[in-house]
Each structure stands twice: as C-alpha cells, then as structure tokens.
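Close look at the chain arrangement
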Number of protein chains: 2
Amino acid sequence: MSDVGIKDVAARAGVSPGTVSNVLNRPEKVSPATREKVEAAVRELGFVRHGSASTLRAGHSKTIGLSVIDIGNPFFTDVTAGVEEVASDLGYAVILSNSAGCRAKEERNLLVLAEQRVRGVLITPSDEDPARLDRLRERGISVVLVDHPAHRPDQCSVAVNDIGGGMTAVRHLLETGAKSIVYVTGPLTIRQCLDRRAGAERAFGRPLRVVEMGAMNPRAGQQAAEKLLGEGDLPDAVFCANDLLALGLMRGLTHAGVRVPDDVALMGYDDIDFAAASAVSLTSVRQPTHQLGRVATELLLDECDNPATHAHQQIMFQPELVVRESTR
Amino acid sequence: MSDVGIKDVAARAGVSPGTVSNVLNRPEKVSPATREKVEAAVRELGFVRHGSASTLRAGHSKTIGLSVIDIGNPFFTDVTAGVEEVASDLGYAVILSNSAGCRAKEERNLLVLAEQRVRGVLITPSDEDPARLDRLRERGISVVLVDHPAHRPDQCSVAVNDIGGGMTAVRHLLETGAKSIVYVTGPLTIRQCLDRRAGAERAFGRPLRVVEMGAMNPRAGQQAAEKLLGEGDLPDAVFCANDLLALGLMRGLTHAGVRVPDDVALMGYDDIDFAAASAVSLTSVRQPTHQLGRVATELLLDECDNPATHAHQQIMFQPELVVRESTR
DNA sequence: CGTATAGGTTGAAACGTTTTTCAGTGCTGG
DNA sequence: CCAGCACTGAAAAACGTTTCAACCTATACG
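One structure accompanies this document, and this report is about it. (Residues numbered from 1 in each chain as written. Chains lettered and ligands numbered in written order. Predicted model: local features only at pLDDT ≥ 70, side-chain atom pairs only at ≥ 80, totals over all residues. Heavy atoms only, no water.)

1. Topic: helix α11 (residues 243-255) of chain A
Residue and element names in this part refer to chain A.
- With 13 residues, α11 extends 18 Å from end C-alpha to end C-alpha; this agrees with the ideal 18 Å at 1.5 Å per step.
- In terms of residue burial, α11 counts as a mostly covered element, since 11 of its 13 residues are buried.
- Of all the residues in α11, the buried ones are Asp243, Leu244, Leu245, Ala246, Leu247, Gly248, Leu249, Met250, Arg251, Gly252 and Leu253.
- Regarding α11, its N-cap is Asn242, as a side-chain oxygen of that residue lies 3.2 Å from the backbone nitrogen of Leu244 further along.
- Once α11 finishes, Gly257 follows within two positions and takes phi at roughly 85°, a positive value. (Helix = DSSP H or I, 4+ residues; strand = E, 2+ residues; numbered from the N terminus. Expected span 1.5 Å × (residues − 1). Buried < 20%, exposed > 50% of the residue type's maximum accessible area, 1.4 Å probe, protein only. Polar contact = N/O pair within 3.5 Å; in protein donor to acceptor, adjacent residues only side chain to side chain.)

Here it is, written out as structure tokens:
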C-alpha cells in the first residue's frame with residue numbers, strides 16, 4: 001500500500017506541491033532544471049497520480065463510458081476495439097457496459113457512468129427514447145450515438161447507411177439473375193433490420209417475402225433454413241440481415257442437400273471474419289466497424305477537449321459490397 | 001451542468017450532510033423517518049453521488065480493471081461478458097483495456113488503471129513476468145489472473161486445464177482411428193499453445209508433427225492448409241490450437257478437394273459459436289469462458305470486500321469434448 | 001427523581017489534487 | 001544605479017464526499 005503523494009514528491013525534489021502539479025500538467029510552465037528534479041523524484045518514489053483527487057479538483061475525468069447492446073456480437077466487439085484504441089492513445093480509460101438489449105440495465109449502467117463522472121458517453125441506444133441521454137447532457141456529459149443516426153443537429157452521431165446497404169445487397173442479387181428473393185431477419189423492432197429491409201425492397205421494387213426470427217445468431221439462421229425448406233418453394237436467393245444468420249442458414253441448406261450458390265444464392269451483412277472463412281465463402285456487406293468506433297471516439301473527445309471549436313457532426317458511412325462464392 | 005451536492009440534499013431534507021451520507025452508505029444506521037425524507041430529497045433534486053469525491057475520501061473505488069490480450073477474439077469477448085455481468089450486478093464499473101499482445105501497451109494500461117485507483121484488476125497476462133503485478137499489489141490493488149494459473153499461493157487465478165484439453169482432443173482422435181496426427185498452432189510462445197501441445201503429445205505417446213503459424217485466425221488456418229497440402233503427405237487427423245485456425249484450415253482443405261472428416265478428421269479448440277455453424281460442424285474442446293469471467297470477478301470482489309476472510313484460490317476448470325461432424 | 005444507556009444526528013476534519021494569487025529573484029534598459 | 005519586467009515557485013483555498021468523536025434526547029432502571 002505505497003502511499004506516495006504529490007507532497008512526498010515535492011519534499012523529495014525540494015519544491016512545493018504546486019510545482020509538482022505544474023510539472024505533471026503544464027510542463028512548459030516550469031524551468032527545465034526543476035522539471036528534471038521533479039521528474040527524478042517521481043521516478044524514484046514510484047509516484048502515481050491519484051485520479052480521483054485530480055478529477056475532483058479539476059472537475060473532469062479522464063474516462064469515457066461505452067454502452068453497447070451486445071458485447072458478444074463481433075460487430076460491437078470490433079467497434080469496441082476501435083474505441084479502446086483511440087481512447088487509450090489519448091490517455092483515456094474506457095468504462096465498458098453492456099445493456100444486453102435490456103432497457104433497465106442500460107439505465108443502471110448510465111447511472112454508474114454518471115457517478116463516475118465520465119467525460120462523455122458513447123452509446124448504441126437500445127431504443128429511440130432521447131430523454132435519458134438528455135439527462136446526461138444536462139449533467140455536462142457529452143454523448144455520441146454509435147451505429148444510430150442522430151436526428152438533431154446538437155448531437156454527434158456515427159452510423160452506417162443501412163438503407164443503402166440493403167439496396168446494394170438486393171441489387172447485387174438481381175444482377176446475378178435472382179428473380180425471387182427472401183429476406184431473413186432478426187426482430188423487426190431493431191432499426192437496422194428495418195432499414196435494411198426498406199433498402200432491399202426499394203431495390204427490389206416491391207415487398208419481399210420476409211422470414212423474421214427472434215434472434216440473430218447461427219442457431220436462428222439454421223431454424224430459418226428449416227422454415228424455408230418446410231415451406232417448399234425455395235427462392236433463387238436469400239438476403240440475411242447479418243452474417244450470423246447467413247452462416248446458420250448456409251449450414252441448414254447445405255445439410256438438406258441444397259447447394260449454395262448453385263441452387264440458392266446467399267448473402268449476409270457485416271462481413272465478419274468468419275464470412276470469408278466459411279466453407280463456401282459468404283458474400284456480404286461490409287461495414288467499417290473498427291472505423292465506426294475510432295471516429296465516434298474522436299468526435300467525443302474533440303467535443304470534450306475543444307468545446308469552443310467543436311462542431312457537431314452526424315456522420316454516415318457507406319457500406320461496401322464484398323462479393324464471394326455464395327453468390328457466384 | 002446540474003451541480004447537486006450532498007449538502008443541497010441535506011438542506012432540502014433538513015438534516016446534516018453526514019446523515020445524507022449515512023443514508024447512502026449505511027441506511028440501517030438511520031431512522032426510517034429521516035431516511036424517507038432524505039430519499040425524497042435525493043429523488044427531487046436528481047442527486048447523483050460524485051464517485052471521485054467518494055473514492056478520494058473513502059480510499060477505495062467502485063471500479064475494477066480488465067486487461068485482455070485480444071478483445072477481438074470471441075474467447076475473450078465471452079470472458080468479458082461474464083465479467084461485466086457480475087461486476088455490474090454488484091454496482092462495480094469495469095474499465096476495459098486491450099493489451100493487443102503488446103507488452104508496452106499492457107504496461108501503459110496498467111498505469112492508467114493504477115491512476116484510476118481501481119479496486120482490483122483482472123488480467124490475462126501477456127507474459128510470465130510477475131513483477132508488474134507485484135507492483136500493483138503493493139499499491140493495494142488486488143489482482144486475479146484469468147486464463148492463466150497462478151504459481152503462488154498468495155494469488156487468485158482462474159484457468160482451464162489446457163494440458164488436459166490437449167490430451168482429450170488427441171485421445172478422441174485416436175479413438176476415431178487416426179494414426180498420424182498434426183498439431184496446427186499459433187506462436188509457441190503462448191502458454192496455451194504450449195500446454196495443449198504438451199497434453200496432445202502425452203496422449204499420443206510421442207512428439208507430434210507441428211505446424212506453427214504466426215497468428216491464430218482463419219487466415220492463418222487457411223495458410224496452414226496450403227502448407228500441409230504442399231508438403232504432400234496428409235495426416236489422418238489435424239488438431240488445431242483454436243477454432244479460428246480450424247475453420248480456416250477446413251476451408252483450405254475443402255477447397256483443395258480434401259473431404260472432412262472422410263479424408264482428414266479435424267478438431268478445434270474453444271468451441272466458439274461458429275464451430276457448430278460451419279458447413280461441416282467442428283468437433284472442439286469447450287471451455288467455460290463465460291464462467292471463467294464470472295468466477296474470476298467473484299473472486300476479485302470477494303478479495304476486495306472481505307479481505308479478512310478471503311482465501312486465495314487457484315481454480316482450474318476442466319474443458320469438455322464436444323463431438324461433431326468433423327471427426328465422424 | 002436522577003443517572004446510565006442506547007440510538008440518532010451533527011459538525012468539522014480529512015482525503016490528494018489543482019488552481020489562483022502573490023512574493024521573490026535576477027535582468028534589462030534608461 | 002534604480003525602476004520595471006519577465007519568470008519561477010510558494011502558499012493556501014478549494015473540490016464533494018466520508019468518517020469519527022461528540023452531542024442530544026428519550027427511555028429504562030435503580
């Protein structure tokens with residue numbers, strides 16, 4: 001329990017505590033000679049700044065909060081990795097919380113973040129209600145929306161064009177000659193699923209046959225395959241709302257003797273690592289996930305560090321078609 | 001920037017700040033009537049405790065640190081999810097940091113955690129050097145090793161028996177009739193890779209042919225397939241150090257016309273979700289990842305909250321064989 | 001009726017920084 | 001040679017909570 005404070009360092013270096021603080025926070029304000037002395041004392045004593053004291057007095061912390069919907073989904077994992085990278089580079093700590101799609105848990109987590117006096121929050125909101133986030137902002141905590149476009153100009157957000165992505169996907173399927181297309185999706189309460197369908201139908205020109213599953217994992221995909229097979233008439237192509245569904249579906253079809261892409265073309269969404277690695281590699285729509293996390297964090301920290309010059313931005317990335325074997 | 005402090009609450013409720021603090025921290029010490037009044041004031045004013053002030057005075061925080069090697073690997077993601085669950089339930093915040101296998105970054109991250117005065121640290125160490133962790137412990141920060149057995153009795157750890165896992169894997173392959181077996185692995189500087197090989201060779205009775213790759217992802221697995229095919233003589237079975245390698249390998253083999261499991265049996269390790277979802281479902285060795293995270297966190301928080309009664313434990317989980325199509 | 005006792009509450013000190021004001025020092029230029 | 005200046009560093013006052021000793025006010029008991 002080594003308890004070296006700024007005072008001990010000051011004593012050792014023969015200066016005042018204030019000077020030590022200056023060396024730590026505004027090194028240019030202090031003469032090279034004293035700075036050197038202080039730095040030596042810091043090293044010798046193994047001094048580590050007490051973040052809480054610092055936060056308390058300075059009025060702001062070096063931490064940001066990150067609230068995601070499902071830490072288990074590779075999509076969010078990639079985003080998280082991007083966030084961590086940027087934050088860590090700038091000396092910020094990231095407090096991770098997982099809402100698991102549960103509103104109450106999200107609420108609790110946001111409270112914890114508020115107590116910790118995080119500098120700002122990156123959040124993939126689990127619903128559209130903006131009230132909670134407004135309450136954070138009233139407390140002086142900046143908020144940046146991740147994978148969710150902000151509908152207001154006083155708010156930063158980073159998202160990917162899901163409508164465009166849906167269009168791209170179906171356009172590609174049409175080009176490969178598909179006449180009948182099924183959309184396999186997770187719960188249509190999820191904005192992403194809805195938007196991708198909207199885009200898909202716009203490209204298709206009329207409503208698509210939809211198979212809606214309760215989850216968006218491989219298991220659900222396999223069940224979707226059984227459902228499709230059970231109904232009898234297989235479409236030329238299937239567009240899945242994410243890769244996990246698509247991979248499960250592919251397995252289900254393959255097992256029933258249906259060949260991909262010869263009998264049914266298949267595409268996913270997200271372009272997770274496993275999309276390229278599956279037996280028949282999966283055509284998908286790639287989202288710049290890592291970038292999403294990086295840019296969101298940069299926006300947030302800019303908003304925190306330069307509140308004067310900061311301009312709120314609603315950034316919309318364009319997804320990218322990645323053609324592989326499952327549609328050839 | 002609502003700035004409601006404990007004093008404002010006290011004023012509103014007509015009591016002293018000390019009493020408010022008692023209501024917050026030791027409700028049983030205060031009479032129901034006053035408690036009620038104070039709670040009402042808290043609600044009305046929207047008071048949120050200032051975590052830093054609290055930490056500063058009380059001497060300990062409500063945060064723990066989690067340092068993992070690769071946040072992108074589903075194994076660690078699962079562990080992280082388990083950690084977050086338990087911590088969040090007990091009101092602790094989790095500070096996430098990703099060492100990305102880089103020693104320097106791990107060092108920097110640990111410094112940040114020390115500055116934040118986290119209550120304890122969960123870490124998957126990127127190397128064997130215990131000095132860094134001892135320095136943390138000197139500072140009064142408890143440390144629990146995750147996926148890494150502690151070799152000392154004064155230290156908690158949670159790990160999975162990788163030697164046993166390796167034995168199980170090879171024993172199973174031998175039972176399916178394999179005579180020649182290749183071990184495809186990531187860098188043999190990684191303890192897990194080494195231990196699994198040790199176990200595998202113990203079950204095999206003599207050294208295995210080893211293909212060592214630089215990474216442990218699907219791409220590396222595919223390269224391993226090319227290497228294997230290039231060398232000419234295919235083994236009866238391949239044991240991969242993780243599922244990512246195995247999935248990549250499966251793809252590589254399948255593309256070259258080699259059938260799994262008819263020509264070559266294949267097993268992975270970790271039993272990630274995709275193992276069951278691949279075209280030919282993958283036999284694997286399941287690790288209780290989620291549980292790993294949960295138990296590690298419980299140990300850590302027990303050590304923090306009940307230092308008197310806490311008994312250090314080195315827990316070793318046993319992995320479990322999951323047989324699927326790739327070895328039938 | 002007075003005193004011990006216990007439960008509830010108060011008030012002020014303390015936690016380790018940052019920040020601001022202020023004093024001291026050595027220099028420059030008139 | 002002195003006034004004024006630039007620059008360093010010191011001292012003390014915050015920041016918002018927790019904690020602890022002291023202080024009440026009833027109640028119970030002798």
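2. Concerning the relation of the copies chain B and chain A
- Note on the identical chains: chain B maps onto chain A by a rotation of 180° and an axial translation of 0.1 Å, with an RMSD of 0.2 Å. Put plainly, the chains are arranged around a two-fold axis.
- When you check the interface residues of chain B against chain A, 98% turn up at the interface there too, and the contact is symmetric in its surfaces. (Least-squares fit on C-alpha atoms with pLDDT ≥ 70 in both. Contact = heavy atoms within 4.5 Å.)

3. So, the protein's contact with DNA strand C
- With respect to spatial proximity, 22 residues lie near DNA strand C, and among them Ile6 and Arg57 of chain A together with Ser16, Thr19 and Thr34 of chain B are the closest.
- Atoms of DNA strand C within 4 Å of the protein: sugar and phosphate make up 62%, bases the balance.
- Within the side chain of Ser21 of chain A, one N or O atom sits 2.9 Å away from a phosphate oxygen of DNA strand C.
- Contact distances for DNA strand C include 2.9 Å between a base nitrogen and a side-chain N or O atom of Arg57 of chain B. (Near = heavy atom within 4 Å.)

4. Focus on helix α4 (residues 51-58) of chain A
- Turning to α4 of chain A, its buried residues number three or more, namely Gly51, Ser52 and Thr55 of chain A. The buried side chains of α4 of chain A occupy one side of the element, clustering within an arc of 95° when seen end-on.
- Where α4 of chain A is buried, its residues meet α4 (51-58) and α6 (103-115) of chain B. (Arc of directions from axis to C-beta.)

5. Concerning the sheet that holds strand β9 (residues 265-267) of chain A
Residue and element names in this part refer to chain A.
- Reading across from one edge, β7-β6-β8-β9 is the order of the four strands in this open sheet, with parallel pairing throughout. Each of the sheet's edge strands pairs with one partner strand only, and the pair in question is β7 (209-212) and β9. Strand-to-strand, the axes of this sheet are offset by a mean angle of 20°, without reference to chain direction.
- By the bridge criterion, four bridges tie strand β6 (residues 181-185) to β7 in an arrangement that is parallel. Bridging from a neighbouring strand, Val182 pairs with Arg209 of β7.
- The sheet contacts of helix α10 (residues 218-231) involve β6, β7 and β8 (237-240), and relative to β7 the element is tilted by about 135°. (Pairing = 2+ DSSP bridges. Axes fitted to C-alpha atoms, helices over the stretch in contact; angles between N-to-C directions.)

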